[in-house]
Amino acid sequence: MEHETHDHPTGHTGHTGPRDHAGHTAHGDHAGHEGHGGGAASWGMAVKATLHCLTGCAVGEVLGMIIGTALGWGNAPTMALAIVLAFFFGYSLTLWAVKRAGLTLKAAVGVALAADTLSITVMEIVDNAVLLVVPGAMDAHLSDALFWGALAFAFLVAFLVTTPVNKWMIGRGKGHAVVHRYHH
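Please read all numbers here as calculations on a predicted model, not as lab measurements. (Residues numbered from 1 in each chain as written. Predicted model: local features only at pLDDT ≥ 70, side-chain atom pairs only at ≥ 80, totals over all residues. Heavy atoms only, no water.)

A. Region of interest: a nonpolar patch on the surface. A cluster of nonpolar side chains, namely Leu63, Ile67, Leu71 and Trp73, defines an oily patch on the protein surface of about 350 Å² accessible area. In this structure, Trp73 sits in the loop between helix H1 (43-70) and helix H2 (75-100). For Trp73, a relative accessible area of 39% translates into the label partly exposed. (Patch = residues over 30% accessible without salt bridge, like charges linked within 9 Å, V, L, I, M, F, W, Y side chains within 5 Å. Areas by Shrake-Rupley, 256 points an atom, 1.4 Å probe, with all protein chains shown as cover. Salt bridge = Lys/Arg side-chain N within 4 Å of Asp/Glu carboxyl O. Helix = DSSP H or I, 4+ residues; strand = E, 2+ residues; numbered from the N terminus. Buried < 20%, exposed > 50% of the residue type's maximum accessible area, 1.4 Å probe, protein only.)

Below, the structure is given as structure tokens:
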């Protein structure tokens, strides 16, 4: 059976098929992986990176809002706790993934900081700004639909704003492009 020659965006030309990479058979098909080392990043890749970031941020932020609201804290300390926990859980997800790939704790922390700092920062600025402008959101209680609805809306807006940031970073070999180097 004869295979076509494929040109890959990473400069791998002349291969006779996506699985004909000596020593790289575990990687399989490289479709959708363009942009990890620089160049054009796909929207799909940016969406995946943003969803990864959003997961950690959402866990931390929801936990912080629940704790602050349940304890009757004011808006400022509740928001501060939510932001600290969003960064903690956002970094933790990446840290866990790259530690599994065999990095030392020090190296894994460096990768997590490089991969997630801008993404989490943008996400936190946007979603907290949205919560501040939604009437009544900061005064809503855990049992109020407004609490959960405003939080979901804030995460959606943050996702829409952060995805292009992640696309830009990945296209330059930064952000989650750094994490991808350690995936097996």
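B. Broad picture of the nonpolar core. One finds Cys57, Met65, Met123, Leu131 and Leu151 to be the most contacted residues of the largest nonpolar core, which totals 27 residues. Going through the elements one at a time, H1, H2, helix H3 (105-133) and helix H4 (145-171) are the ones with two or more residues in this core. Counting residues in hydrophobic clusters, the runner-up holds six residues, among them Leu103, Ala108, Val111 and Val179. (Core = buried A, V, L, I, M, F, W, Y, C linked by side-chain atoms within 4.5 Å.)

C. Quick peek at H4. Under the 1.5 Å per step criterion, the end-to-end length of H4 is 39 Å for 27 residues, consistent within 8% with the ideal 39 Å. At Thr162, H4 shows its maximal bend, which comes to roughly 25°, and the proline Pro164 appears one to four places after that position. Where H4 ends, the next residue or the one after it, Gly173, has phi of about 75°, a positive value. (Expected span 1.5 Å × (residues − 1). Bend = angle between axes of the 7 residues up to and from the residue.)

D. Up close: the packing of H3 against H4. At a closest axis distance of 8 Å, the pairing of H3 and H4 adopts a crossing angle of 145°. Like other packed secondary-structure pairs, H3 and H4 cross with a definite hand, here right-handed. Across the contact of H3 with H4, the residue classes tally to 18 nonpolar, three polar and one charged. (Axes fitted to C-alpha atoms, helices over the stretch in contact; angles between N-to-C directions. Left-handed = near helix turned anticlockwise from the far one by under 90°. Nonpolar A, V, L, I, M, F, W, Y, C, P; charged D, E, K, R; others polar.)

E. Broad picture of the environment of His52. Position of His52 among the secondary structure elements: in helix H1. When sequence neighbours within four positions are dropped, the list of residues in contact with His52 reads Leu93, Thr94 and His176. (Contact = heavy atoms within 4.5 Å.)

F. Just the side chain of Thr50, in detail. Topologically, Thr50 is positioned in helix H1. With residues up to four places along the chain from it excluded, the contact list for Thr50 reads Met123, Phe159, Thr162, Thr163 and Asn166.

G. Here's a closer look at the packing of aromatic side chains. By the definition in use, this model includes three aromatic pairs. Ring geometry for Phe88 versus Phe89: centroids 5.2 Å apart, planes at 85°, classification edge-to-face. A cation over an aromatic ring shows up here: Arg100 above the ring of Trp96, its NZ or CZ 4.6 Å from the ring centre. One residue, Lys167, lies across the ring of Trp43, its end atom 5.0 Å from the ring centre. (Phe/Tyr/Trp six-rings, centres within 6.5 Å; stacked < 30°, edge-to-face > 60°. Lys NZ or Arg CZ within 6 Å of the ring centre and 35° of its normal.)

H. Geometry of the packing of H1 against H4. In contact at an axis separation of 8 Å, H1 and H4 are set at 145° when each is read in the N-to-C sense. Crossing of H1 over H4 shows right-handed handedness. Residue composition of the contact of H1 with H4, by class: 18 nonpolar, five polar and two charged.

I. Up close: the environment of Glu124. Summarising the element assignment, Glu124 is placed in helix H3. Relative accessible area serves as the criterion here: at 3%, Glu124 is assigned to the buried category. Along the chain, Glu124 and Ala158 lie 34 residues apart, while their C-alpha atoms are 7.5 Å from each other. With near-sequence residues (within four places) excluded, Glu124 lies in contact with Cys57, Glu61, Ala82, Ile83, Ala86 and Phe87.

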